[in-house]
Amino acid sequence: MPLMRRQTFSQSRNIPNSRLQEAAVTLSRLWALVLRQAKQNLMLTPPAFTSPPPANKWDKRFLSLAEEVAKWSKDPSTKVGCVIVDPDTNRVMGVGYNGFPRGMCDHKELYEDRETKYSRTIHAEVNAVLNSNRTENCTAYVTAPPCTNCALTLIQSGIQRVVSVAPSRDLLSRWGESINKTKGFFAEVEVEYEEIE
Ligand SMILES: [Zn+2]
């Protein structure tokens, strides 16, 4: 009988039939896995003409946009811009630049007196947060490293990544200590911070 012969055959090599069956099941499972993976790979591989742009292309674009926004500031000496972006869709959630609050007098002479100016100015990052539809898990693009107060606001608003134009030597000599503190704050809460030349 064929069944008997098969049993004899496997027994002659000291391999129980149950082990052979197990091996066959494992093999067929593996084969199914290989086939499934191959099918997924085929589906996931994009055609050559749709290859994504380099990752930092969008960073550069949004930093350029932040630099454009900075020009809208009426402050004659310090112009800072901030753009908040949803990194999943690359959609702009809001923008901000340094200036006085809406409705407050913003005559030129008020910007000329340093003390008056500082006491009335809202920084670009805070304005951007206030103007944004959403900030949670977003990226903030800034034209200069945030001051410590703005860093705290960005952290509290749920920003996950901050990309800044690398500070000039002059800016570093005046604000180096504050910038280092900002970097420490971001590191403490694992907000990614990057400076781009
Ligand atoms: Zn600030």
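Enquirer: Explain the overall build of the chain to me, please; I cannot follow it from the model alone.
Expert: Check the secondary structure of the chain and you find 8 helices and 5 strands. The linear arrangement of helices and strands in the chain, starting from the amino end, is α-α-α-β-β-α-α-α-β-α-β-α-β. Counting the 197 residues in the chain, one finds 25% classified as buried. Taking contacts inside the chain between residues at least 6 apart in sequence as the whole, the part at least 24 apart equals 60%.

Enquirer: I would appreciate a short explanation of the nonpolar core in the present structure.
Expert: Across soluble globular proteins, nonpolar side chains have a tendency to be buried as a group. Of all hydrophobic cores here, the largest spans 30 residues; its most connected members are Ala-66, Cys-82, Val-83, Ala-140, Tyr-141 and Val-142. Aside from chain neighbours lying at most four places away, what touches Ala-140 is Cys-82, Ile-84, Glu-125, Ala-128, Leu-154, Ile-159 and Val-162.

Enquirer: What is the right way to look at unusual backbone geometry in this model?
Expert: Trans is the prevailing form of peptide bonds, just as negative phi is the prevailing case for residues other than glycine. Non-glycine residue Asn-137 carries a positive phi angle of around 60°. Considering the arrangement of structural elements, one finds Asn-137 in the loop between helix H6 (124–131) and strand E3 (139–142). With 12 C-beta atoms packed within 10 Å, Asn-137 lands in the exposed category. Although it is not a glycine, Glu-190 sits at a positive phi angle of roughly 60°. By the element assignment, Glu-190 lies in the loop between helix H8 (169–188) and strand E5 (192–196).

Enquirer: It is not clear to me how helix H3 (residues 56–70) should be interpreted in this structure. Could you clarify?
Expert: Residues spaced three or four apart along an α-helix point in a common direction, a consequence of the helix completing one turn every 3.6 residues. Its 15 residues give H3 an end-to-end C-alpha distance of 21 Å, which sits within 8% of 21 Å, the value for a rise of 1.5 Å per residue. Every buried residue belonging to H3 is among Phe-62, Leu-63, Ala-66, Val-69 and Ala-70, and all of these are buried. The buried residues of H3 occupy an angular sector of 115° when the element is viewed end-on, so they sit on one face. Buried-residue contacts for H3 involve strand E1 (81–86), strand E2 (91–97), E3, strand E4 (161–165) and E5.

Enquirer: What is the right way to look at the environment of Gly-94 in this model?
Expert: In this structure, Gly-94 sits in strand E2. By the C-beta count within 10 Å, which is 19 here, Gly-94 ends up partly exposed. Spatially, the C-alpha atom of Gly-94 lies 8.0 Å from that of Arg-134, the residues being 40 residues apart in sequence. Every residue in contact with Gly-94, bar those within four places of it in the chain, is listed here: Ile-84, Ala-128, Asn-131, Ser-132 and Asn-133.

Enquirer: How should I be thinking about the sheet that holds E3 in this particular structure?
Expert: Across a sheet, paired strands are connected by hydrogen bonds in the backbone, their directions being either parallel or antiparallel. Spatially, E2-E1-E3-E4-E5 is the arrangement adopted by the 5 strands of the open sheet, whose pairing is mixed. Looking at which strands have only one partner, the edges of the open sheet turn out to be E2 and E5. Neighbour-to-neighbour, the strand axes of the sheet open up by a mean angle of 20°, direction not taken into account. Those strands touched by H6 are E1, E2 and E3, and its axis lies near 135° from that of E2.

Enquirer: What should I look at first to understand H8 in this one?
Expert: Considering bend angle alone, the principal kink of H8 is centred on Trp-175 and spans about 80°. Taken together, the buried residues of H8 touch helix H7 (148–156), E4 and E5. Just beyond H8, the residue with positive phi is Glu-190, at close to 60°.

Enquirer: Sorry if this is basic, but what is going on with the pairing of E2 here?
Expert: Direction of pairing for E1 relative to E2: antiparallel, over a ladder of 6 bridges. Among the inter-strand pairings, Val-83 is bridged to a residue of E2, identified as Val-95.

Enquirer: Whenever I open this one, the confidence of the model for the chain confuses me. Can you help?
Expert: Interpretation of this model should avoid reading the predicted coordinates in detail wherever pLDDT is low. Of the residues in the chain, 81% have a pLDDT of 70 or more, and the chain-wide mean is 86. When the criterion is pLDDT under 50, residues 1–5 qualifies, and its contacts beyond four places in sequence or with other chains add up to 0 contacts. Taken together, the stretch residues 7–12 has pLDDT below 50 and engages in 4 contacts with residues farther than four places along the chain or on a different chain.

Each value, and the rule that gives it
- Chains are numbered independently. Their residues run from 1 in the order of the written sequence.
- In keeping with the predicted nature of the model, local features appear solely for residues at pLDDT of at least 70, side-chain atom pairs appear and are counted solely at 80 or more, and the whole-chain, interface and lining totals rest on all residues.
- Helix numbers and strand numbers start at the N terminus; a helix is a DSSP run of H or I with at least 4 residues, a strand a run of E with at least 2.
- In this scheme every C-beta is placed from the backbone, and a residue whose C-beta has 20 or more other C-beta atoms within 10 Å is buried, one with 12 or fewer is exposed, and one in between is partly exposed.
- By the convention adopted here, residues make contact when the C-beta atoms placed from their backbones lie within 7 Å.
- Connectivity within a nonpolar core runs through C-beta atoms within 7 Å, and the core itself is a set of buried Ala, Val, Leu, Ile, Met, Phe, Trp, Tyr and Cys residues.
- Here the expected span of a helix is defined as 1.5 Å times the quantity of residues minus one.
- The directions from the helix axis to the C-beta atoms form the arc being described.
- Strands qualify as paired when DSSP identifies two bridges or more between them.
- A fitted line through C-alpha atoms serves as each axis, taken over the contacting stretch for helices, and the angle formed by two N-to-C directions is quoted from 0 to 180°.
- The bend at a residue is defined as the angle formed between two axes, one fitted to the seven residues ending at that residue and one fitted to the seven starting there.
- Confidence scores here are pLDDT values: one per residue, from the predictor, ranging 0 to 100.

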